[in-house]
Amino acid sequence: MSQPPPRLRRRTVLAAAGGLAVVGVAGPAGLALSSGTAPAPPALGRRPISMAMHIHASFSEGIASYAAHLDQARRNDVDVIWWTDHDFRVAAHDHRRMVHFDGAEELEGGLAWTWQASIEGRLTASAADFVDSPHATDPANALRLTATGDGTLWYAGKAWNWTHTANISDTTLHLDVLPETSGPDALLLVEIALSHHPARAGRPAGQHILRYRIGAGHAGHQTDGLVGTVDLPAPPGQWRRHTLPLVADVRRLWPDLVAGDNSLRGLRLGVGVTGSARGSFVVDRLAFDRARRAGQAGEELRAEVLRAYDGVYPGVTHHRAYEVSMVRHLNWFGGDQTLPEFPSPPYRDNDVTRTEQMIEFLHSHGGVVCWNHPLDVESRESLARLMVERNNLGADLVEIGRGPLDDHLWALDVAARNAVFFTAVGVTDDHDGTDWRGRGDRHITYVWASSMERDDLVAALRAGQAWFTDLARYRGALDIEVDGRTAMGAVAVTDAPELTVRLLATDLPSGASLEAVVGTVDLAGVRDLTPATRTTRISRRQLRQGWYDLRVTPGGGTYLRTQVRGRDGALLGVSNPAWFLSGTQTHDVPPARRF
């Protein structure tokens, strides 16, 4: 892995920060007059803090563990992680409870469980048959797996929308097994693919595998790197209900891991044979026993797992958040973490009104709400229309820093033209935890804040004092200042004919330039859903200690944002806008944005 760009140099940031002159007559909001005054010092303790804002770990459906992401944050010098696991997955709502082995597809609550066969090694014969006899106590079928040769017949199971992949912290599996033909060379295998963890205790980074061998002569545990094996005896010719305590076995196999920081990512059954042996097993009633998920218990369980990492990664702060998933996806930062009610089955509803209602519910429980991947069900034109007609659905933030970046920025500029106020953030939306820098979406969000405490970060996001950058290519600071105060994200009321606005941009890469995007705010509405912008390019050498003074004519209403463009033309960083408006354009300005 290549080394990340240098972190923001505090001395550079402090030297570049300073006051700006506002030329002309003070406006109705009392925008300060200062012509030729000395720069004001930056606010006490105010500093740039980098955040990974859309991160999924072992309570979501991917392979990532919390440890994997914490390791990535440390490697990439990211200060804060927000854990945005899917809400209904944290609660294991309508996740699979039982598989009866009735057939290749089996419904539970209208949701399908499916099986897929595969072969490893050299088998001379194999079969997977759903049979009505023998079976355990279930009235319907069971599954007979047979194999002959030197290899394994695998039968992999999967629930609809990965609703078997819940975190294992409170999970025990139960499986009825009848060995028909077994022995030391013919075993039933139950394999659980766990989460990806960073390299540790002599093991490489990778996804850990928990494998049960049923029919072994003696009980025991053994570990070979990332694969841990549990041997369980099983008397031939007799049904036995085997209990698989996942966390206890992970803890015994890898005592250095936080055992609860694993997802049941994959599950497969198999008959493994060696030396031309023949194996035959019948299985029935696979039960998922999750003991602590009712009501808010899933969130309490997640908090318990995360507490195991307190102090383990010093330099990385992490906060619990949610991706609210049964409407258009919303990230919820701050607040009291109350889980909303979930529909059954857990189908996502993209209805605009339902999303607005969910945002109102989340606001009633505190914090700020982000509209996630807004182009997943919209074109840029229909997205812009929703932002203008429905006031961004009431969301405080929008994931603008993700692909396709140009289309998201286009919608941002249409919204800014219409004085629709929200904070643009950048995300990775990472479910793997293997390589943040190698992703297509690899934007992190910075805020100006006095600490990494949750409430301070939420306040900065609410005020729009944020910018996002390409994690791998640019890690400098961006800001917009007027009269010595930050104006990024803010709305200033002025009738000044001209303003001098100070643009802050530190640590530009070689060949990169700063661009000032200035747009008209004319409240054009849906009659003209296009941006109305002009761009001024500022070369790296024009930035004096990271700053540049730009003259802006507010006219009937103007906004300004900045962006850093690399030598190759790629956008590397984007600030939030500052608005300079007349008094008639500011009736809906949120209190946190008033300059």
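Here, every reference points to the structure presented above.
Residues numbered from 1 in each chain as written. Predicted model: local features only at pLDDT ≥ 70, side-chain atom pairs only at ≥ 80, totals over all residues. Heavy atoms only, no water.

Let's talk about the overall build of the chain
Right, so step 1: Secondary structure summary: the chain contains nine helices and 31 strands in total.
Right, so step 2: Along the first, second and third principal axes, the C-alpha atoms of the chain reach 95 × 45 × 40 Å.
Right, so step 3: Sorting the 595 residues of the chain into buried and exposed places 60% on the buried side.
Right, so step 4: At a minimum sequence separation of 6, the contacts of the chain that also span at least 24 residues come to 76%.
Right, so step 5: Carbon and sulfur atoms form 48% of the exposed surface of the chain, whose accessible area is close to 22100 Å².
Right, so step 6: The average position of the 61 basic charges and that of the 69 acidic charges among the side chains of the chain differ by 6 Å. (Helix = DSSP H or I, 4+ residues; strand = E, 2+ residues; numbered from the N terminus. Buried < 20%, exposed > 50% of the residue type's maximum accessible area, 1.4 Å probe, protein only. Contact = heavy atoms within 4.5 Å. Areas by Shrake-Rupley, 256 points an atom, 1.4 Å probe, with all protein chains shown as cover. Lys, Arg positive; Asp, Glu negative; His and termini not counted. Charge placed at Lys NZ, Arg CZ, Asp CG, Glu CD.)

What to know about the packing of helix α7 (residues 380-389) against helix α8 (residues 405-417)
Right, so step 1: Contact geometry of α7 with α8 gives a least axis separation of 9 Å together with a crossing angle of 30°. Relative to α8, the element α7 is oriented roughly parallel. Here α7 and α8 pass one another in a crossing that is right-handed. On α8, the residues touching R380, E381, L383, A384, M387 and V388 of α7 are D407, W410, A411, V414 and A415.
Right, so step 2: Looking at the contact of α7 with α8 residue by residue, the classes come out as eight nonpolar, no polar and three charged. (Axes fitted to C-alpha atoms, helices over the stretch in contact; angles between N-to-C directions. Parallel < 35°, antiparallel > 145°, perpendicular 65-115°, else oblique. Left-handed = near helix turned anticlockwise from the far one by under 90°. Nonpolar A, V, L, I, M, F, W, Y, C, P; charged D, E, K, R; others polar.)

Considering the nonpolar core
Right, so step 1: Ranked by size, the top nonpolar core spans 90 residues in total, and within it V501, L503, L514 and L560 carry the most contacts.
Right, so step 2: Filtering out sequence-adjacent residues up to four positions away, L503 remains in contact with D479, I480, L514, A516, I538, G546, W547, Y548, L550, L560 and T562.
Right, so step 3: Core analysis: the next-biggest nonpolar cluster, separate from the first, contains 44 residues, L194, V247, V283 and F288 among them. (Core = buried A, V, L, I, M, F, W, Y, C linked by side-chain atoms within 4.5 Å.)

Some thoughts on the sheet that holds strand β15 (residues 322-324)
Right, so step 1: On the basis of which strands lie adjacent, the open sheet formed by five strands has the order β15-β16-β17-β18-β19 and mixed pairing. A strand with exactly one partner marks an edge of an open sheet, and here the two such strands are β15 and β19 (423-426). Taking each pair of neighbouring strands and ignoring which way they run, the sheet shows an average axis angle of 35°.
Right, so step 2: Here β15 pairs with strand β16 (residues 330-333) via three bridges, running antiparallel. If you follow V324 over to β16, its bridge partner there is L330. (Pairing = 2+ DSSP bridges.)

As for the packing of aromatic side chains
Right, so step 1: Counted under the stated rule, the structure contains 13 aromatic pairs.
Right, so step 2: Aromatic side chains Y66 and W83 sit 4.6 Å apart centroid to centroid with 80° between the ring planes, which places their arrangement in the edge-to-face category. Of this pair, Y66 sits in helix α2 (residues 66-75) while W83 is found in strand β2 (residues 80-83), placing the two residues 17 residues apart along the sequence.
Right, so step 3: Connected via pairs of aromatic rings, a cluster forms that spans F101, W113, W115, F130, Y155 and F288.
Right, so step 4: Seen from the ring of W162, R265 lies directly overhead, with NZ or CZ sitting 4.0 Å from the centre. (Phe/Tyr/Trp six-rings, centres within 6.5 Å; stacked < 30°, edge-to-face > 60°. Lys NZ or Arg CZ within 6 Å of the ring centre and 35° of its normal.)

Thoughts on the sheet that holds strand β25 (residues 499-505)
Right, so step 1: Read across the open sheet, the four strands follow the order β23-β22-β25-β28; overall the sheet is antiparallel. Each having just a single partner strand, β23 (485-486) and β28 (547-552) make up the two edges of the open sheet.
Right, so step 2: With six bridges connecting them, β25 and β28 associate as antiparallel partners. Counterpart to V501 in the pairing with β28 is L550.

Focus on the environment of T428
Right, so step 1: Within the fold, T428 resides in the loop between β19 and β20 (443-449).
Right, so step 2: A sequence separation of 372 residues divides T428 from H56, and the C-alpha atoms of the two residues are 9.9 Å apart.
Right, so step 3: Excluding its chain neighbours within four sequence positions, the residues that come into contact with T428 are H54, I55, R439, D441, R442 and H443.

Notes on the pattern of salt bridges
Right, so step 1: Counted under the stated rule, the structure contains 40 salt bridges.
Right, so step 2: For R442, the salt bridge goes to D470, with nearest N and O atoms at 2.9 Å. Of the two residues, R442 is situated in the loop between β19 and β20 and D470 in strand β21 (residues 466-470); the sequence distance between them amounts to 28 residues. As far as burial versus exposure is concerned, R442 and D470 are alike and both buried.
Right, so step 3: Each of D85, E299, R302 and R320 takes part in salt bridges that share partners, so that together they form one network. (Salt bridge = Lys/Arg side-chain N within 4 Å of Asp/Glu carboxyl O.)

Here's the deal with unusual backbone geometry
Right, so step 1: The step from S133 to P134 runs through a cis peptide bond, and the omega angle for that step is 0°.
Right, so step 2: A cis amide bond links S344 with the next residue in sequence, P345, at an omega value of -5°.
Right, so step 3: Relative to the assigned elements, P345 resides in the loop between β16 and α6 (352-364).
Right, so step 4: Positive phi is not limited to glycine here, since Q337 has a value of about 65°.
Right, so step 5: Mapped onto the fold, Q337 is located in the loop between β16 and α6.
Right, so step 6: One non-glycine residue, Q545, adopts positive backbone phi at about 55°.
Right, so step 7: When you line up the elements, Q545 lands in the loop between β27 (533-539) and β28.

Looking at the pairing of strand β17 (residues 368-371)
Right, so step 1: In β17, alternate side chains face the same way, and those of V368 and C370 on one face and V369 and W371 on the other are all buried.
Right, so step 2: Pairing analysis gives two bridges linking β17 to strand β18 (residues 397-401), with the strands arranged parallel. Across the sheet, residue W371 finds its bridge partner in β18, namely V398.
Right, so step 3: The parallel pair β17 and β18 is bridged by α7, and the resulting crossover is right-handed. (Right-handed = clockwise from strand over helix to strand, strands pointing away.)

Comments concerning the environment of A117
Right, so step 1: Within the secondary structure, A117 is located in strand β5 (residues 111-131).
Right, so step 2: Sequence-wise, A117 and V420 are 303 residues apart; in three dimensions their C-alpha atoms are separated by 53 Å.
Right, so step 3: With sequence-adjacent residues up to four places away left out, A117 is seen in contact with W154 and Y155.

Quick word on α8
Because each turn of an α-helix spans 3.6 residues, side chains separated by three or four positions in sequence point in the same direction.
Right, so step 1: Over its 13 residues, α8 extends 18 Å from the first C-alpha to the last, a length consistent with the 18 Å expected when each residue adds 1.5 Å.
Right, so step 2: Burial analysis of α8 places eleven of its 13 residues in the buried class, which makes it a mostly covered element.
Right, so step 3: Along α8, the positions that sit buried rather than exposed are L405, H408, L409, W410, A411, L412, D413, V414, A415, A416 and R417.
Right, so step 4: Once α8 ends, the next one or two residues include A419, with phi positive near 55°. (Expected span 1.5 Å × (residues − 1).)

This is a description of form; function is not addressed.
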